[in-house]
Every structure is written in C-alpha cells, then in structure tokens.
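Here are the chains, one letter per residue:
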Amino acid sequence: MQISGAQMVIEALIAEGVDTVFGYPGGAIMNVYDEIYKQDGFQHILTRHEQAAVHAAEGYSKASGKVGVAMITSGPGFTNAVTGLADAYMDSIPLVVISGQVPMSLIGTDAFQEIDAVGISRSCTKHNYLVTDAKDLPRVLKEAFYIASSGRPGPVHVDIPKDVTAQIEEFNYDIELDLETYKPNVKGNPRQIKKAMEAIASAKRPLFYLGGGVINSNAAYDVRELVNKTQIPAVETFMARGTLSHDDKYLVGMLGMHGSYASNMAMSETDLIIALGARFDDRVTGKLSEFAKNAGVIHVDIDPASISKLVNADFPIVGDVKNVVNEMLAQADSIDGSRYESWRETIENFDALHPLTFHEDSERIKPQWVIQRVGELLGDDANISTDVGQHQMWTAQFYPFSRPRQFASSGGLGTMGFGFPAAMGVKSAAPEKVSVNFTGDGSILMNVQELMTAVEKKLPVINIILNNNFLGMVRQWQTLFYDKRHSETDLSMQPDFVKLAEAFGGVGYRVSTKEEFDAALKDAVEKNVVAFIDVVVERFENVLPMVPAGGSLFNMMLLEKKEDK
Amino acid sequence: MTTDNARRVISVIVVNEASVLSRITDLFSGRGYNISSLTVAPIPDTKYSRITIATLGSVKTMEQITKQLHKLIPVLRVYEHEDMVEKEMALVKFDITENLSDINTICEAYNGKIVNAGETTVIAMVADEPKRIDNFLNSMKRYNPKEIVRSGAVALER
Ligand SMILES: Cc1ncc(C[n+]2csc(CCOP(=O)(O)OP(=O)(O)O)c2C)c(N)n1
C-alpha cells in the first residue's frame with residue numbers, strides 16, 4: 001500500500017491499538033493532523049498546552065497500563081512538551097511522543113519554528129528518533145512502541161520533518177523487529193532467586209521495600225500474594241502507593257522523607273531488605289551512610305543500572321518484577337511466616353508510639369481531613385491524581401488506596417501542573433471511576449487552561465484545591481530551615497477560583513466547613529462536571545513526619561502529641 | 001586495583017547510526033564524568049563501530065558508566081579493558097633544518113619514523129602506548145616541534 005508518511009503515522013497508531021491521542025497542532029505536524037481529521041480509529045483530545053498533552057498521556061498510561069501517546073508541532077510546541085517528557089522519564093512511564101519538524105531542507109538553517117528537538121530530548125527520553133525518510137517510519141514507530149513499553153518503560157520521542165510526512169512510500173507494518181542491541185533481561189537468574197529465598201528464610205527481620213516498578217510491571221497482585229504468604233511486613237514508596245491495599249495487615253505504610261514513623265523505623269531496623277522495583281531514591285533513604293545499616297539487600301529490578309547504584313546489593317536480581325516474584329512465590333513454601341511474629345510486633349509498637357495522624361482544629365479544616373474524607377466518601381470509586389507540594393504528600397499519606405494504578409502523581413521530577421491534565425488522562429482511560437485531583441493554590445494555576453479541554457471533552461475531573469494561600473511546601477521549608485523567612489511564597493493574592501471554573505463552563509465551590517465540603521463533593525460527583533472545590537484550609541500546617549533532606553531516616557521530626565501542645 | 005581515580009579504558013560497540021556518538025558523550029557530560037580521549041571508527045564489514053574511551057574514575061563510577069552506556073539502545077557491548085594492548089598515535093612536524101637522523105632514530109624506538117618530507121618541513125609519526133607517547137613528545141622538545149597532533153587511544157584485549 002502506497003501512502004504518505006502522515007498516513008503511516010495514523011495506520012501505525014491504530015495498529016498499536018491506540019484509542020486516545022493527546023495533542024496540539026501546528027505547521028510542521030499539519031500533514032498528520034489532516035489525516036487525523038479523516039480517520040475514526042482513535043479519538044484526539046486537543047489540550048490547551050503541549051505540556052498538558054504529555055501529562056494527560058502520562059495519566060492515561062498510569063491508569064490503563066498502556067502506552068500513552070501525545071502529538072505536537074515543532075519549535076515551541078516541542079519545547080513546551082519537554083517538561084512532560086522529563087517527568088515521564090523520571091517515573092518510567094511508557095509514552096510515544098510524536099513531534100513535527102521543519103522540512104529536511106531547512107533543518108540546521110534556524111528556520112521558523114526549528115529547534116534541535118532530538119538534541120534536547122536525548123537526555124530525557126529512553127530513546128529518540130529523527131526520521132529522515134518515510135521508508136523508515138513503520139520500523140521506527142514499531143520500535144518506539146516496543147522500546148517505550150518493554151524493559152524499564154519510558155518515553156520515546158519521534159521527530160518527523162514535514163516533508164517526510166508528505167513523502168509517499170510503501171507501507172507495511174507487519175515487520176519483525178530486529179533490535180539486536182536491545183534485549184531487556186526479564187527472566188531473573190534462578191540461582192540468584194534461590195539464594196535470595198534462602199536469605200529470606202534465615203532472616204529475622206526481613207522487610208519488603210516496594211517501589212513503582214511493581215506497579216509498572218503489573219506485579220502488584222502477585223506481590224500481595226507473596227507478602228501474605230510469607231507474612232513479611234512491607235513498606236511502600238510514594239510511587240508504589242496502592243500496591244498493597246491500605247487495609248492489608250502486612251502493610252506498614254509509606255517510607256521516606258514524609259513516610260510514617262513505623263515505616264522508617266522498620267527500614268532502619270530490618271536485617272534484610274527485599275527491594276522490588278524500587279531504586280533507593282534519596283527522598284526514600286535519607287542519609288545513605290546511615291540507611292538500614294545492618295541489613296542485607298535483595299534487589300530486584302529490570303534496570304541493571306538501578307542495582308547497586310546507591311546501596312550495594314548482596315543479591316542483585318535483574319529481571320521483570322512480575323517474573324521474579326512469581327518465581328519467588330513458587331518457592332515460598334520454604335518460608336515459615338511465624339518466624340517473624342516478634343518482628344511484626346516490634347513494628348506494631350512503632351506504629352502505636354507515633355501513628356500517622358494529625359490534629360483536628362475547631363476553627364479551620366485541616367487538609368489531611370479533606371483527603372481522609374474523600375477516601376471515606378469515594379474510596380475505591382475514585383482514581384486520584386495530585387499536583388506537587390504538601391497536598392501531594394498528605395494524599396500519599398492519608399488516602400486509603402486500595403489498588404494499583406489508582407494513584408497518579410509526579411514523583412521523580414515533582415512537576416507542579418501535572419495533576420489536572422494527568423487526571424484528564426486518567427479519566428479518559430477509566431471513565432467509570434471518579435477522577436479526583438488534589439491540588440494546591442499554587443499548582444493549579446500552572447495548567448489551569450486545561451479547564452477548557454476538560455469541559456469541552458467532558459472529562460469531569462474534580463479538582464480539590466487545598467487552599468492555604470501559600471506555596472505550602474516551600475513555606476514549610478522556610479518555616480523550618482530558613483527561620484520563617486517566607487520569601488515569595490505568600491499567595492494571598494488569588495483569583496476567584498469559583499468564577500474561574502465558571503468562566504470556562506465548569507462548576508466552582510468555595511468551602512470552609514466540613515459540611516460545605518461534603519455537600520460540594522456530593523454535588524460535583526452527582527452532576528458529573530468539571531469542578532473546582534476551593535477548600536479554605538489551615539495555612540501553617542506542616543507535613544509530618546519529616547526527615548530533613550540529608551538527615552537519617554530514623555531521625556524524624558514528628559507530630560507533637562496533643563497533650564504536649 | 002585502586003578504588004579512586006585511576007585511568008581506565010573502555011570499548012563500546014555501537015550500531016552505526018546518526019547521533020550515536022552524541023548519545024555516548026552526552027551521557028558522560030550529563031553525569032559529570034570526564035572523557036580524556038575518544039576514538040571512533042567503523043568495524044570493517046559490519047554495521048557496527050567501535051568507540052574507545054579513556055577516562056578517569058573509581059571502580060564504582062566505572063560500573064555505573066558501563067551500565068548506563070549499556071542502557072542506550074544502539075549500544076551492543078561495553079567492556080572495560082584490563083589486560084590490553086593499547087596504542088595511540090602522534091604526528092609531529094619539524095623544520096627540515098633539525099637533526100633528522102636523530103629524530104628518525106628516536107621515532108624508531110617508538111614504533112615510528114619520518115613519514116613525509118616537504119620543502120621546508122618533515123612529519124614524523126609514532127604509534128605506541130599513551131605513556132610512551134608522553135615520553136616521546138618530551139624528548140622531541142629539543143628539536144623544536146612546530147606542530148603536534150595526538151590521536152585518542154585504541155585498545156584490544158590480549
Ligand atoms: C514546576 C515547578 N516549579 C517549582 C516547584 C517547587 N515547588 C515544590 S512544592 C511547591 C509549592 C506548591 O504549592 P501549592 O501548589 O500551593 O501546594 P501546597 O504545598 O501548598 O500544598 C513549589 C513551588 C516545583 N515542584 N515545580
């Protein structure tokens with residue numbers, strides 16, 4: 001079949017089973033958009049900013065487990081999308097981002113809207129391509145989807161000059177990929193796995209350390225089985241929330257900078273870390289030299305470069321978490337869970353000593369209350385996304401996650417403005433769930449234009465603004481480490497969020513009591529509309545516990561007991 | 001082997017394709033690793049090229065570099081040389097009035113000779129281990145070299 005490069009893009013997307021593309025057109029990508037107009041194989045969602053298109057694709061991928069797709073034009077279109085690429089790269093989210101480029105004859109001439117896109121994206125993608133001949137397009141697109149979704153997933157960027165999208169060539173997508181140099185090791189060495197199981201059987205205080213890789217490899221339910229069979233307590237990273245259900249009795253909680261006392265103490269006292277798809281991020285380990293000092297380390301990861309990067313692994317296992325966990329499950333009978341009885345008790349005592357909680361206030365709503373309340377009212381019925389800041393950490397701490405892929409948040413890059421577009425992507429992938437975005441009065445303004453997209457495309461995201469009139473997380477650091485010099489973090493000057501939502505055709509609520517909040521949430525869910533719920537919360541609340549950056553995990557700043565106050 | 005900044009030589013076998021070299025050098029610069037020399041050429045009768053990189057780093061740094069290089073899609077193989085034959089080349093231009101027979105004799109001791117003679121200048125070439133190239137260039141100083149070029153290292157495991 002002889003078709004244009006632009007048609008090839010459409011055919012390839014359809015062949016890959018893509019049902020939703022997020023994007024924003026422009027000169028260099030117009031040939032492709034012309035073909036989008038003519039087809040009905042997938043829907044296109046026009047965001048109002050390229051960054052949002054990529055975040056929406058990320059949210060879509062997070063909720064569905066599929067490859068997210070975004071389409072953008074050259075120059076400013078591409079540079080707007082870079083933050084999204086970097087975000088997806090840091091959180092190992094499979095994406096294919098297709099950008100237009102100026103015609104080949106103009107490349108390198110500083111042509112209108114030209115930028116060296118592959119040069120820019122090289123450091124924030126798993127791989128990238130500049131396609132110089134339409135003959136290569138079928139192979140490149142097929143490789144792009146394969147590379148994005150296999151091994152350690154990540155974003156792949158395909159840059160296509162305008163004349164290449166116009167070029168007519170033979171199209172055949174039925175190609176065998178021959179990627180001689182790219183063969184992810186998915187299996188996990190059986191001898192290593194056996195040794196690891198022996199180490200677990202003889203450990204006294206083993207601890208599962210679950211990372212985002214568990215969710216990426218769709219291994220959460222296998223991990224649940226392994227945890228319950230071995231009766232070994234488990235801590236989750238921020239990225240792994242929802243791996244175990246909040247009511248799983250072996251779940252200790254989230255660890256790290258804002259992890260629970262019990263989780264961080266368990267990590268400090270364990271004698272064997274069983275790390276699954278976790279990368280020992282500095283926000284998790286605190287001061288490395290003091291991290292889990294007496295523990296052996298089993299480290300399972302698809303990415304060999306993650307293993308022993310920061311913490312030396314005694315049992316390195318390179319492989320897909322799902323495969324390795326299933327292999328471990330097959331050998332789990334050798335493990336007697338009752339051995340760890342007293343270890344579990346120790347952890348329960350930690351938890352009883354400093355449970356994860358907050359103090360209610362009679363005057364103002366506490367942000368943590370709002371999150372807990374949404375959990376009570378919607379629980380499993382909601383998919384949750386967040387922006388970046390205090391509200392993000394409180395969500396990870398207090399929302400009762402009950403399943404993997406329920407939570408989408410920017411972990412590695414910490415991108416303000418992620419939440420709303422990501423929630424739209426989540427909603428388009430899982431329309432049967434309520435899509436809730438917890439955001440801050442700072443973050444929401446970073447992609448607020450997506451109100452238009454959400455209203456137009458009927459993606460009823462409920463944005464709950466935990467409004468503290470501050471760039472709260474930065475204010476917290478200023479309070480604690482800069483002697484309360486709140487430099488440029490006061491957001492007293494604010495738009496009227498209710499009117500703002502209404503101006504775009506959404507619905508706005510401003511609430512300052514618990515009753516008003518309940519009523520607003522109920523109304524928004526029932527009406528099934530794009531909503532801003534602007535919640536007036538306590539301004540000076542801090543996220544606790546907190547391990548100061550570079551401090552040791554066991555030295556947490558804790559919530560004062562109420563009687564000490 | 002010392003753990004701190006020792007000189008190390010690695011070979012990277014890559015698919016010959018556009019921008020593969022910048023992927024590799026970006027990885028070094030992006031992570032703050034230093035390249036002291038770099039040599040690239042296609043491997044005859046294949047679709048691959050060999051890149052020889054000399055760098056400074058600890059065992060741990062090298063392990064990371066190697067793993068990170070391996071993650072790049074067009075990279076087929078990465079290995080650090082331990083027991084290798086390593087050569088570098090240098091070309092040196094002299095005024096024709098210098099003592100050419102002395103120069104030629106010294107060059108011979110370093111696997112080289114005078115390879116070109118023009119109207120006013122001659123060019124000598126040597127190929128040897130990097131350390132010995134240092135020595136050679138030192139001993140050439142007295143003949144007032146007008147220009148010196150030095151290649152990166154190439155290496156093969158014994
Ligand atoms: C794009 C971007 N710019 C700056 C930051 C630094 N930063 C991290 S948290 C934060 C404050 C966020 O404030 P807000 O959205 O109001 O949330 P809160 O912390 O008050 O819950 C800032 C500025 C960031 N993470 N991302």
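Looking up chain B in an unreviewed UniProt entry gives the name Acetolactate synthase small subunit, with the organism given as Sulfurimonas marina. Database annotation for chain B, UniProt heading Sequence similarities (unreviewed entry): "Belongs to the acetolactate synthase small subunit family." In UniProt, chain B has this text filed under Function (unreviewed entry): "Catalyzes the conversion of 2 pyruvate molecules into acetolactate in the first common step of the biosynthetic pathway of the branched-amino acids such as leucine, isoleucine, and valine."

The name that an unreviewed UniProt entry assigns to chain A is Acetolactate synthase, with the source organism given as Sulfurimonas marina. You can read under Catalytic activity (unreviewed entry) in the UniProt record for chain A the words "2 pyruvate + H(+) = (2S)-2-acetolactate + CO2". As recorded by UniProt, the Sequence similarities (unreviewed entry) comment attached to chain A reads in full: "Belongs to the TPP enzyme family."

**Student:** Give me the interface of chain B and chain A: which residues, what numbers.
**Tutor:** Of the residues lining the interface, 18 residues belong to chain B; the matching set on chain A comes to 17 residues. With both chains or domains summed, chain B and chain A bury close to 1,500 Å², and 47% of this area falls on carbon and sulfur atoms. The largest share of the area that chain B buries against chain A comes from Arg23, Lys71 and Ile73 of chain B, three residues that together contribute 43% of it. Where chain B touches chain A, the interface holds 3 salt bridges. A salt bridge links Asp303 of chain A to Lys71 of chain B, with the shortest nitrogen-to-oxygen separation between them at 2.8 Å. There are 11 residue pairs in polar contact (both at pLDDT 80 or more) connecting chain B and chain A.

**Student:** Go over the site of the ligand, please, and point to the residues and values.
**Tutor:** Residues and elements named next belong to chain A. Surrounding the ligand, one finds 17 residues, the nearest of these being Gln390, Gly414, Gly442, Ser443 and Gly472. Separating an oxygen atom of the ligand from a side-chain N or O atom of His391 is a distance of 2.8 Å. The backbone of Gly442 places a nitrogen or oxygen atom 2.8 Å from an oxygen atom of the ligand. About the coverage of the ligand: the protein hides 76% of its 590 Å² of free accessible area. Secondary-structure elements contributing two or more residues to the shell around the ligand are helix H16 (390-398) and helix H19 (472-481). Considered class by class, the residues forming the shell around the ligand number 7 nonpolar, 9 polar and 1 charged.

**Student:** Explain unusual backbone geometry residue by residue, including any values.
**Tutor:** Between Leu544 of chain A and the following residue, Pro545 of chain A, the backbone shows a cis peptide bond with an omega angle of 0°. As for its position among the elements, Pro545 of chain A is in the segment after strand E20 (531-536). Of note, the phi angle at Ser308 of chain A is positive, near 60°, even though the residue is not glycine. Tracing the chain through its elements places Ser308 of chain A in the loop between strand E13 (296-301) and strand E14 (315-318). Of the residues examined, Ser308 of chain A reaches a relative accessible area of 9% and is grouped as buried. Here Asn144 of chain B, not a glycine, exhibits a phi torsion of approximately 50°, which is positive. Along the chain, Asn144 of chain B falls in the loop between helix H4 (130-140) and strand E8 (147-150).

**Student:** Summarise the domain arrangement of chain B; cite the residues concerned and give the values.
**Tutor:** Residues and elements named next belong to chain B. For chain B, the assigned domains read domain 1 (6-82) and domain 2 (85-157). Its C-alpha centre places domain 1 at a distance of 28 Å from the equivalent point of domain 2. Listed as interface residues are 10 residues of domain 1 and, on the opposing side, 8 residues of domain 2. Taking both partners together, domain 1 and domain 2 bury about 680 Å²; carbon and sulfur atoms supply 47% of that area. Of all residues in domain 1, the largest losses of buried area upon contact with domain 2 belong to Arg7, Thr39 and His81, amounting jointly to 46% of the total for that side. Put simply, domain 1 and domain 2 have 1 salt bridge between them. For Glu86, the salt bridge goes to Arg7, with nearest N and O atoms at 2.6 Å. In this assembly, domain 1 and domain 2 are joined by 6 residue pairs in polar contact (both at pLDDT 80 or more). Where the side of domain 1 that touches domain 2 is concerned, the elements lending two or more residues are strand E1 (6-15), strand E2 (35-42) and strand E3 (48-57). Class assignment of the residues belonging to the side of domain 1 that touches domain 2 gives a composition of 2 nonpolar, 5 polar and 3 charged.

About the criteria used
Residues numbered from 1 in each chain as written. Chains lettered and ligands numbered in written order. Predicted model: local features only at pLDDT ≥ 70, side-chain atom pairs only at ≥ 80, totals over all residues. Heavy atoms only, no water. UniProt positions renumbered as here; feature names shortened; annotations may be inferred. Contact = heavy atoms within 4.5 Å. Buried area = accessible area lost by both parts, 1.4 Å probe. Salt bridge = Lys/Arg side-chain N within 4 Å of Asp/Glu carboxyl O. Polar contact = N/O pair within 3.5 Å; in protein donor to acceptor, adjacent residues only side chain to side chain. Near = heavy atom within 4 Å. Areas by Shrake-Rupley, 256 points an atom, 1.4 Å probe, with all protein chains shown as cover. Helix = DSSP H or I, 4+ residues; strand = E, 2+ residues; numbered from the N terminus. Nonpolar A, V, L, I, M, F, W, Y, C, P; charged D, E, K, R; others polar. Buried < 20%, exposed > 50% of the residue type's maximum accessible area, 1.4 Å probe, protein only. Domains from an automatic or database assignment.

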